[in-house]
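# Close look at the chain arrangement
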Amino acid sequence: MPGSNVVIVESPAKAKTINKYLGDDYTVIASFGHVRDLPARDGSVRPDEDFAMEWELGDRSKRHIDEIAKAVKSADRIYLATDPDREGEAIAWHLSELLREKHLSDNRDVQRVTFNEITKSAVQTAMANPRAVSQELVDAYLARRALDYLVGFTLSPVLWRKLPGSKSAGRVQSVALRLICERESEIEVFKPQEYWSIAVGFTTPAGSSFTASLTQLDGKRLDKFGLPNRKAAEAAVARIRPQAFAVSTVERKQSRRNPSPPFTTSTLQQEASRKLGFGATRTMRTAQKLYEGVDIGGETVGLITYMRTDGVSLSQEAIDGARGLIGSHYGERYVPAQPRVYKTAAKNAQEAHEAIRPTDLHRRPDSVAGYLGSDELRLYELIWKRTLASQMESAVLDQVAVDIASPSKDVVLRATGSIVVFDGFLKVYQEDRDDAAEDDQQERRLPAMDQGDDLSRGDIDPEQHFTQPPPRYSEASLVKKLEELGIGRPSTYASILQVLQDRNYVRLDKRRFIPEDRGRLVTAFLENFFHRYVEYNFTAELENQLDEISDGKIDWKTVLRDFWTAFDVAVNGTKDLTITQVLTTLDNELGAHFFPAATEDGHDPRVCPVCREGRLGLKLGKMGAFIGCSRYPECRYTRPLAVANDENGEAQEGPRELGNDPETGLPVTVRRGPYGAYIQLGPAPSAATPPVEEPPAEEPAADGKKPKAKKKKKDEAPKPKRVSLPKGMAAADVDLDTALKLLALPRVIGNHPETAEEISAGIGRFGPYLKHGSVYKSLTPDDDVLTIGINHAVDLLAGAAKKASAPAKTLGDHPKTGKPITMGSGRFGPYVKHASVYASIPKGTEPDSVTLEQALELIDAKVAKDAAKKGGKAAKDAEPAKAEGAEAEKPAKAKAPAKTAAKKPAAKKATKAKAAKDAPAEAAAPKKKTAKAS
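The rules behind these values
Residues numbered from 1 in each chain as written. Predicted model: local features only at pLDDT ≥ 70, side-chain atom pairs only at ≥ 80, totals over all residues. Heavy atoms only, no water. Helix = DSSP H or I, 4+ residues; strand = E, 2+ residues; numbered from the N terminus. Contact = heavy atoms within 4.5 Å. Areas by Shrake-Rupley, 256 points an atom, 1.4 Å probe, with all protein chains shown as cover. Pairing = 2+ DSSP bridges. Salt bridge = Lys/Arg side-chain N within 4 Å of Asp/Glu carboxyl O. Buried < 20%, exposed > 50% of the residue type's maximum accessible area, 1.4 Å probe, protein only. Core = buried A, V, L, I, M, F, W, Y, C linked by side-chain atoms within 4.5 Å. pLDDT = per-residue confidence, 0-100. Expected span 1.5 Å × (residues − 1). Polar contact = N/O pair within 3.5 Å; in protein donor to acceptor, adjacent residues only side chain to side chain. Axes fitted to C-alpha atoms, helices over the stretch in contact; angles between N-to-C directions. Parallel < 35°, antiparallel > 145°, perpendicular 65-115°, else oblique. Nonpolar A, V, L, I, M, F, W, Y, C, P; charged D, E, K, R; others polar. Left-handed = near helix turned anticlockwise from the far one by under 90°.

## A word on the overall build of the protein chain
From N to C terminus, the protein chain includes 23 helices and 34 strands. Within the protein chain, residue pairs in contact and separated by at least 24 positions form 69% of the contacts whose partners lie at least 6 positions apart. In the form shown here, the protein chain has an accessible surface area of approximately 46000 Å², with 49% of it arising from carbon and sulfur atoms.

## Focus: the pairing of strand β12 (residues 245–257)
Of the strand pairs in this sheet, β12 and strand β17 (residues 454–466) are connected by 2 bridges, and their pairing is antiparallel. Looking across to β17, one finds that Ala 246 is bridged to Asp 454. Relative to strand β15 (residues 395–405), β12 runs antiparallel, the two sharing 11 bridges. Within β15, the residue paired with Arg 252 across the bridge is Val 400.

## Brief notes about the pattern of salt bridges
A full pass over the atoms with the stated rule returns 43 salt bridges. With a closest N to O distance of 3.4 Å, Lys 741 and Asp 737 form a salt bridge. Of the two residues, Lys 741 and Asp 737 both sit in helix α20 (residues 736–743), 4 residues apart, roughly one turn of that helix. Lys 741 sits in the partly exposed class, given a relative accessible area of 45%.

## Things to note about the nonpolar core
Soluble globular proteins tend to pack their nonpolar side chains together in the buried interior. Counting residues in hydrophobic clusters, the biggest one holds 138 residues, and the most contacted among them are Phe 115, Leu 163, Ile 304, Leu 379 and Phe 525. The element contributing the most residues to this core is helix α5 (residues 135–162), with 14 residues. In contact with Phe 525, other than residues within four places in its own chain, are Val 158, Leu 159, Lys 162, Leu 163, Phe 530, Leu 577, Val 582 and Leu 586.

## A word on the confidence of the model for the protein chain
When pLDDT is averaged across the protein chain, the result is 80; 83% of the residues are at 70 or more. Taken as a whole, residues 872–934 scores under 50 in pLDDT and shows 121 contacts with residues more than four places along the chain or in a different chain.

## So, the environment of Val 250
Its location among the elements puts Val 250 in strand β12. The exposure class of Val 250 is partly exposed, given its relative accessible area of 23%. Remark: the alpha-carbon pair of Val 250 and Val 402, spanning 152 residues in sequence, is separated by 4.6 Å. Excluding residues that lie within four positions of it along the chain, Val 250 makes contacts with Val 400, Ala 401, Val 402, Met 449, Asp 450 and Gln 451.

## Details of helix α2 (residues 61–72)
The first and last C-alpha atoms of α2 sit 16 Å apart over 12 residues, in line with the 16 Å expected at 1.5 Å per residue. Of the surrounding elements, those touching the buried residues of α2 are β1 (5–9), β2 (26–30), β6 (56–57), β7 (77–80), α3 (86–101) and α22 (852–869).

## Here we look at the side chain of Asp 403
Relative to the elements of secondary structure, Asp 403 occurs in strand β15. Reaching out from Asp 403, the side chain makes a polar contact with the side chain of Arg 414 at a distance of 2.8 Å. Beyond its immediate sequence surroundings of up to four residues, Asp 403 is in contact with Ala 246, Val 247, Ser 248, Thr 249, Val 412, Leu 413 and Arg 414.

## Here's the deal with the side chain of Thr 738
Along the chain, Thr 738 turns up in helix α20. The contact partners of Thr 738, leaving out residues within four places of it in the chain, are Met 729 and Leu 786.

## Some words on the packing of α3 against α5
Direction vectors running N to C along α3 and α5 enclose 95 degrees, while the axes themselves pass 9 Å from each other. In this view, α3 runs roughly perpendicular relative to α5, as classed from their interaxial angle. Note on element contacts: α5 touches α3 through Leu 137, Val 138, Tyr 141, Leu 142 and Arg 144, opposite Arg 86, Glu 87, Glu 89, Ala 90, Trp 93 and His 94. Of the residues in the contact of α3 with α5, the class split is 6 nonpolar, 1 polar and 4 charged.

## What about the packing of α5 against helix α16 (residues 517–529)?
Interaxial distance between α5 and α16 falls to 12 Å at its minimum, and their mutual angle equals 110 degrees. The angle between the axes of α5 and α16 places the two elements in the roughly perpendicular class. The handedness of the crossing between α5 and α16 is right-handed. For the pair α5 and α16, contact is made by Leu 155, Val 158, Leu 159 and Lys 162 and by Val 522, Phe 525 and Leu 526, respectively.

## Let's talk about unusual backbone geometry
Apart from glycine, the bulk of residues carry a negative phi angle, and the bulk of peptide bonds sit in the trans form. Residue Pro 633 is bonded to the preceding Tyr 632 through a cis peptide linkage, with omega at 10 degrees. Take Pro 633: it is sitting in the loop between β21 (624–629) and β22 (638–639). Cis geometry marks the peptide bond from Leu 745 to Pro 746; its omega dihedral reads 0 degrees. Take Pro 746: it is sitting in the loop between α20 and β27 (747–751). Phi at His 103 takes a positive value of approximately 60 degrees, unusual for a residue other than glycine. Structurally, the position occupied by His 103 is in the loop between α3 and β8 (109–112). Judged by relative accessible area, His 103 falls into the exposed class, the value being 55%. Despite not being glycine, Lys 510 shows a phi value in the positive range, around 55 degrees. Within the fold, Lys 510 resides in the loop between β18 (506–509) and β19 (512–515).

## Digging into helix α10 (residues 316–330)
An ideal rise of 1.5 Å per residue puts 21 Å on 15 residues; α10 measures up with 21 Å between its terminal C-alpha atoms. Restricting attention to buried positions, one finds in α10 the residues Ala 318, Ile 319, Gly 321, Ala 322, Arg 323, Leu 325, Ile 326 and Gly 327. Each element contacted by the buried residues of α10 is listed here: α12 (374–389). Positive phi shows up at Gly 331, right after α10, with a value of about 105 degrees.

Set out below in structure tokens:
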């Protein structure tokens, strides 16, 4: 029987943890995230009806709501214990509205409880202090959701009509895309400037060596460009060579360095990117597990506080715990006289919650290592160290600057360094920086010297330098920039960056964002025709207004009216915009990008290479933009939308030769096939055999499964050896050495310390992988197949072996067939299986929480879906051609690469349902399955 108190949370994992803290009189049940959302069709927000909003129950939410309704019927009190942020407040409001509509809240006490950490004391304290759902926070959610919907569903169809091939435009993601594109434009127009520096080696009377840099020459202080070329550098070397040198001055200055504040959502994403190589999505997914609870010695415990926050404060309990731990483990010298109090400098910071910290600092990383996966342990250790360091004493450094001069003082050099007098918080943690050049001279240690000491001169080393363009944004630096501008919310950054990649507007290369040409087109279009709505100040001001709504200072519908009045006029102003006008504008904006300036030999990149008469320019077709000849239809030359001979080789007209293999003497080339760039050893095949990539004979189809050998035809001619470039490796960056290493794959990394069997690394049809015996493990995007070491390989394989050896869990027997229904995990994630039917478990659902009834629903839905694909025929034995989870147990057969089939032209009129499908949802709401577009 359900308890007389029902507690509703978002996730099964959270429910499982909280259930252990409350007595038998409580039933804890999960809503599985958002239960309803705006329907994915036009008219869900109606400005003409004072922004009336229509809500729809999610496809998978009906079953969860039915379970909640069943539990509530026998309850006296209902507690809405969703997350303590705006999104959690929105879920609580949706639940309360559904209960009201079903008359399930009549004569029942419905209350809201929040806790910043999932610990027994925090949960029990929250239950003792309930409150009502905050209408101000709900209003802010409604305004944000309506704004995102109106921008996405109004602007996206304009893009489809005027800029075919574009996916959609969102309120915040468009601004983030603009940042990335503008940085790329800065890099393209950057002109490097030459300059030289001169370093001179010296030896003290005591025999210690150090290096100093030239700072003054002939009484003039040299700035960065004081030696602009080789001639000036050689003249300076000639002035230094005959001179004798002595120590002119020694300056000593002591400085204090303070620790960084504890983590907020954005700073955690930044540091996890810098120190751990985690993307924003990976960071938040890992933090969610730490927050919701981990089984430690039979007790489920939330290890960190809530991870969506922009506050930097700590509770008094946490501060006292940190100071006590610092004193006992590091000594009282490391405990500052007063606790450190932090205030955030970020715009729009709410500071409604604590910073991200461990729920118990005495739970050291080494004490929980055995209960955590690799990602969870590394992130927990990062949070633990940052929190502890934030309450430690400052570091004290002695900074030394020594001037070395010739007798006439017409040549002066300087050496700088620092000595850590007291390490303070540096004993535990030091924050990394984005794009900061290493100041070796500042960090190095100098030998003891006194004024007047004669020095022996060593080598004189002139070095040529060139100024560097501004660096591309990394995930860390982009998140930091968005936060500085006050754009978006910390909880939305991960989803914003993921959407930009999913829509192929940007790509990550060596952890840096590079805009795709499609993304640059969209940005150029929006900047020229909807400039106001991609302005940084406008977007930030809108965020300020949303914050004022949550504070109860402004009516949410007033904000919507002001926005919609101007936005509707801007959209209507594009109705008469012709494709020719769009092309002319984009050509003026991006012509210099797609058609670089004429080369030294006088070649004009705008001249058509086929007819030699037409002018190349941007064209728009049903499938998107491309480059074509102005003499169409007389000349039908076209090429993909890419810069000629760009770094990805998209527009290259032939392979790039790297050199010859020293062993075979065969040529090594970089080529591009239907499936991307690849390396080839040997000459190209005959014209009858189109150049396509071949996967290696041995490759993993799924973790833990041995692939089937590929049969070779008897009369098949020998094919050149080929290997695909790993994802993230640009074709232009490949040299002969790298190519030969790739061709030599798979490579032996070493022997496993337990089995003594070889561990090898290679590239297969599914990308880079590790192989140990019969176990295969795919490498992550952060791992390099050419450099991965034995220790990291063993860690990755340990997870794969554990996963592969885990037996399928039996949920029960099918009521009709009597055959067992099992649950397992494969390459596509967790699934349930009955006979030959595999059905994927929905994303966000904890596999261990799936019941037999839920499994039956998933299997029935899969059978119906497969039957519909086969033309509505009855699926008697329910045996699909290939179920989503089937590859978890059966490795896919290797297929020969096929020519890319031409897609059918899209319908001329984009339907409203299509608009709904692609419209962005930039609030922190989880993705939901929507009605299919026609």
